[in-house]
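Structural characterization, general
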Amino acid sequence: MTAAANNRSRAIAPGAWLGLLGGGQLGRMFTMAAQSMGYKVMVLDPGTDSPAGTVADRHLQAEYTDADALAEMAKRCAAATTEFENVPAESLQRLSEGCIVSPAAHSVAIAQDRIREKLFLDEHGFGVAPFAVIRSEADLAAAGIDGLLPGVLKVSRFGYDGKGQVRVGSRGELKAAFQSLQSEPCVLEKFLALDKEVSVVVCRGFDDEVTTFPVSENQHADGILDVSIVPARVPDEIAANARSRAIKLAQELDYRGVLCVEYFVVDDGSLLVNEIAPRPHNSGHYSIDACVTSQFEQQVRVMCSLPLGDTSLLCPAVMLNLLGDLWAQQTPPWDRVLQHRTAKLHLYGKSTPRPGRKMGHVTVLSEQADAALGTALEIKSTLVAARAESPLQPV
Ligand code: ADP
Ligand code: MG
């Protein structure tokens, strides 16, 4: 028997329970993919308003470190995974004593700590923006700091969607920014002129099989992903390079699971790795409607040691994020969105819209990425105009 076939013989068949740490939208879409393949899903999430918990077969409402909940998940589930990087690595470690866990605690520990992540990427030869590790005010006085200004100071742990980041132009601003981040360990990065931002979702199985999804071009607004355009409008060599580097990164991290690699494309056309996420990613949501296999189905396949699915793009697509800012006193006019017949609506079941909160997304399919983008922007204008007609009352 070949090594791959041997590994597959321990495949986890549909009907089994799968465990998930985290209850957000990524977990909800994972749960739906797993259930549609015939698995049962147990979600551990302390929240009551839990997008994944409400669709799961079982919602354990407890802290991520709760020993009883982790023991129950490890006992009942054949395999477990996570939907967010800030899950305590010790919880993954504990689960791994009772069931298969993907990704492993050691990979998540690197991705959840910006300092470890940057050092790993740099030491393994993946280009990154020039940076310095800042652990104390003394580090701010180091000789190389001036060369990193203007820069961005990013807190090492628990930052997301542009939170925990401050743009700084001078040493004075840098010191104030460090203090505003409670003098927590940080990374200072040089602020770069970006040509584009792109990302690749890579999946690697226990038998070393690896696949990448088509490259997504990402546009952000206020530090939050706004639209993803697929295929990314970059030269073929850049797209191929982004995919092959993502594979190399997954291999060097000894990663098993779904990993997203975010890149900066800088002026001279070179690619720098911005950050990695040890889970499916917002920029990969298009794969639900536009690819043979979605990133969430791939997450199921990896953890169950099944063959990975084909990631081919069925047609160009644009994903538009729907943030809470778009909600007004009335529900947004979804009927007008769906007048565009190739627009696919995904809402995450969150009851309270808040500015910056990810409430859902729309994926627009078209024969050309630019046409899909045009439709997506039209949808956005419709929603923004409806919002303006009926603003939320201040609470
Ligand atoms: P988050 O964890 O919030 O996604 P990122 O490090 O990816 O944090 O930063 C969010 C966004 O801010 C990036 O997608 C990019 O648009 C911008 N950004 C971050 N770092 C830099 C930089 N060094 N130069 C230019 N833009 C940056
Ligand atoms: Mg990011």
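It should be emphasised that the depicted structure is a prediction, and the values quoted were computed from it without experimental measurement. (Residues numbered from 1 in each chain as written. Chains lettered and ligands numbered in written order. Predicted model: local features only at pLDDT ≥ 70, side-chain atom pairs only at ≥ 80, totals over all residues. Heavy atoms only, no water.)

What about the side chain of Gln 299?
Applicable threshold: In this text, helices come from DSSP runs of H or I with a minimum length of four residues, and strands from runs of E with a minimum of two, each type numbered from the N-terminal end. Only protein chains enter the calculation, and the probe is 1.4 Å; a residue is then buried if its accessible area is under 20% of its type maximum, exposed if over 50%, and partly exposed in between. The term polar contact refers here to a pair of N or O atoms within 3.5 Å; inside protein, the definition further demands a hydrogen-donor-capable atom paired with an acceptor-capable atom, and it admits residues adjacent in sequence only when both atoms are side-chain atoms. Should any heavy atoms of two residues lie within 4.5 Å, those residues are counted as being in contact.
With respect to the helices, strands and loops of the structure, Gln 299 is situated in helix α11 (residues 295-303). Gln 299 sits in the buried class, given a relative accessible area of 4%. Side-chain polar atoms of Gln 299 contact the backbone oxygen of Thr 82, separated by 3.3 Å. Non-local contacts of Gln 299, meaning those with residues more than four positions away in its chain, are made with Phe 30, Thr 81, Thr 82, Val 258 and Pro 280.

Digging into the sheet that holds strand β3 (residues 58-60)
Keep this limit in mind: DSSP-based pairing: two strands are paired if at least 2 bridges between them are found. Each axis is a line fitted through C-alpha atoms, and for a helix only the stretch in contact is used; angles between axes span 0 to 180 degrees, taken between their N-to-C directions.
Strand order in the open sheet made by the five strands is β3-β2-β1-β4-β5, with parallel pairing throughout. Both outer strands of the open sheet, β3 and β5 (100-101), are each paired with one neighbouring strand and no more. Summarising the sheet, strand β2 (residues 40-44) and β3 pair through three bridges and their orientation is parallel. In the strand pairing of β3, Val 43 is matched with His 59. Of the strands in this sheet, β1 (17-21), β2, β3 and β4 (79-82) touch helix α3 (residues 67-76), which is tilted by about 165° from β2.

Digging into the pairing of strand β18 (residues 358-365)
Across the eight residues of β18, eight count as buried, placing the element largely inside the fold. As defined by bridge partners, strand β16 (residues 317-323) adjoins β18 across seven bridges and the pair is classed as antiparallel. Counted as the bridge partner of Met 319 is Thr 363 from β18. Sheet topology places strand β17 (residues 343-347) next to β18; five bridges connect them, and they run antiparallel.

Description of the coordination of the magnesium ion (ligand 2)
The following threshold applies: Any N, O or S atom lying within 2.8 Å of the metal counts as a donor, and for Na, K and Ca the limit rises to 3.2 Å; water is left out, so some sites can look incomplete.
Around the magnesium ion (ligand 2), the donor atoms from the protein are Glu 262 (OE), Glu 262 (OE) and Glu 275 (OE), and they sit 1.9 to 2.8 Å away. Here Glu 262, found in strand β14 (residues 257-266), pairs with Glu 275, found in strand β15 (residues 271-277); they are 13 residues apart in sequence, far enough to count as distant.

Points about the site of ligand 1
Test applied: For this description, a residue counts as near a given molecule or strand if any of its non-hydrogen atoms is within 4 Å of it. The protein chains shown are the only cover counted for residues, whose accessible areas, like all others here, come from Shrake-Rupley with a 1.4 Å probe.
Taken together, 18 residues surround ligand 1, and among them Lys 154, Gly 162, Gln 165, Glu 197 and Asn 274 come closest. At 2.7 Å, a side-chain N or O of Lys 154 approaches an oxygen atom of ligand 1. Between ligand 1 and the protein, one listed contact pairs an oxygen atom with a side-chain N or O atom of Gln 165 at 2.8 Å. Coverage of ligand 1 by the protein chains reaches 89% of its 540 Å² of free accessible surface. Those elements that provide at least two residues to the shell around ligand 1 are β7 (151-155), β9 (186-190), β10 (194-204), β14 and β15.

Some remarks on α3
Heads up, the rule is: Each C-beta atom gives one direction from the helix axis, and the arc is the one those directions make.
Looking at α3, one finds that the buried residues are Ala 69, Leu 70, Met 73 and Ala 74. Buried residues of α3 fall within an arc of 130° about the axis and therefore sit on the same side. Relative to its buried face, α3 has exposed residues pointing more than 90 degrees away, namely Asp 68 and Lys 75. In this structure, the buried side of α3 is in contact with β1, β2, β3, β4 and α4 (89-96). At the N-terminal boundary of α3, the capping side chain belongs to Asp 66, with an oxygen 3.1 Å from the backbone nitrogen of Asp 68.

Let's talk about the nonpolar core
The following threshold applies: Residue types Ala, Val, Leu, Ile, Met, Phe, Trp, Tyr and Cys, when buried and joined through side-chain atoms within 4.5 Å, form a set referred to as a nonpolar core.
Counting residues in each nonpolar core, the largest one holds 30 residues, and the members touching the most others are Val 198, Leu 249, Leu 253, Leu 259, Val 261, Tyr 263 and Ile 276. Listed by contribution, the elements that provide at least two residues to this core are α5 (105-111), α6 (114-123), β10, α9 (236-252), β14 and β15. Broken down by element, the residue count for this core peaks at six residues, all from α9. By size, the runner-up hydrophobic cluster in this structure holds 22 residues, among which are Trp 17, Ala 62, Leu 70 and Val 87.

Describing the packing of aromatic side chains
Keep this limit in mind: By convention, a stacked pair of Phe, Tyr or Trp rings (six-membered ring in the case of Trp) has centres within 6.5 Å and planes under 30 degrees apart, an edge-to-face pair has planes over 60 apart, and any other such pair is tilted. As a reminder, the over-ring test applies to NZ of lysine and CZ of arginine, requiring each to be within 6 Å of the ring centre and within 35 degrees of the ring normal.
Throughout the structure, instances matching the rule amount to two aromatic pairs. Look at Tyr 64 and Phe 84: their rings are 5.0 Å apart centre to centre, the planes differ by 50°, and that puts the pair in the tilted class. Note that Tyr 64 is positioned in the loop between β3 and α3 and Phe 84 in the loop between β4 and α4, a separation of 20 residues in sequence. Take Tyr 64: its relative accessible area is 17%, and that puts it in the buried class. Here the guanidinium or amino end of Arg 157 rests over the ring plane of Phe 158, the centre of that ring lying 4.8 Å away.

Quick notes on the pattern of salt bridges
As a reminder of what qualifies: What makes a salt bridge here is a side-chain nitrogen of Lys or Arg within 4 Å of a carboxyl oxygen of Asp or Glu, nothing more.
Within the structure shown, the criterion is met by 16 salt bridges. Its salt-bridge partner being Arg 204, residue Asp 208 comes within 3.2 Å of it at the nearest N-O pair. The exposure class assigned to Asp 208 is partly exposed, which follows from its relative accessible area of 44%. We note a salt bridge from Lys 380 to Asp 226, for which the minimum N-O separation is 2.8 Å. Of this pair, Lys 380 sits in helix α13 (residues 369-389) while Asp 226 sits in strand β13 (residues 224-230), and the two are 154 residues apart along the sequence. For Lys 380, a relative accessible area of 27% translates into the label partly exposed. One salt-bridge network, in which partners are shared between bridges, spans Arg 204, Asp 208, Asp 254 and Arg 256.

Let's talk about the confidence of the model for the chain
Going by this rule: Values of pLDDT, the confidence the predictor places in each residue, fall between 0 and 100.
Mean pLDDT over the chain: 94, with 96% of residues reaching 70 or higher. A low-confidence stretch, residues 1-8 (pLDDT under 50), is modelled with 10 contacts involving residues beyond four sequence positions or located in other chains.

Digging into the packing of α3 against α4
The condition is simple: Oblique is the label for every angle not falling under 35 degrees (roughly parallel), over 145 degrees (roughly antiparallel), or within 65 to 115 degrees (roughly perpendicular). Handedness of a helix crossing follows the sense of rotation of the near helix relative to the far helix, less than a right angle counterclockwise being left-handed and clockwise being right-handed. Residues are grouped as follows: Ala, Val, Leu, Ile, Met, Phe, Trp, Tyr, Cys and Pro are nonpolar; Asp, Glu, Lys and Arg are charged; all remaining types, including Gly, are polar.
Closest axis-to-axis distance for the α3/α4 pair is 9 Å, and the angle between their directions is 40°. Here α3 is positioned oblique relative to α4, judged by the angle of their axes. Taken as a pair, α3 and α4 cross one another with a handedness that is right-handed. Of the residues in α4, those touching α3 at Ala 67, Leu 70, Met 73 and Ala 74 are Ser 91, Arg 94 and Leu 95. Considered class by class, the residues forming the contact of α3 with α4 number five nonpolar, one polar and one charged.

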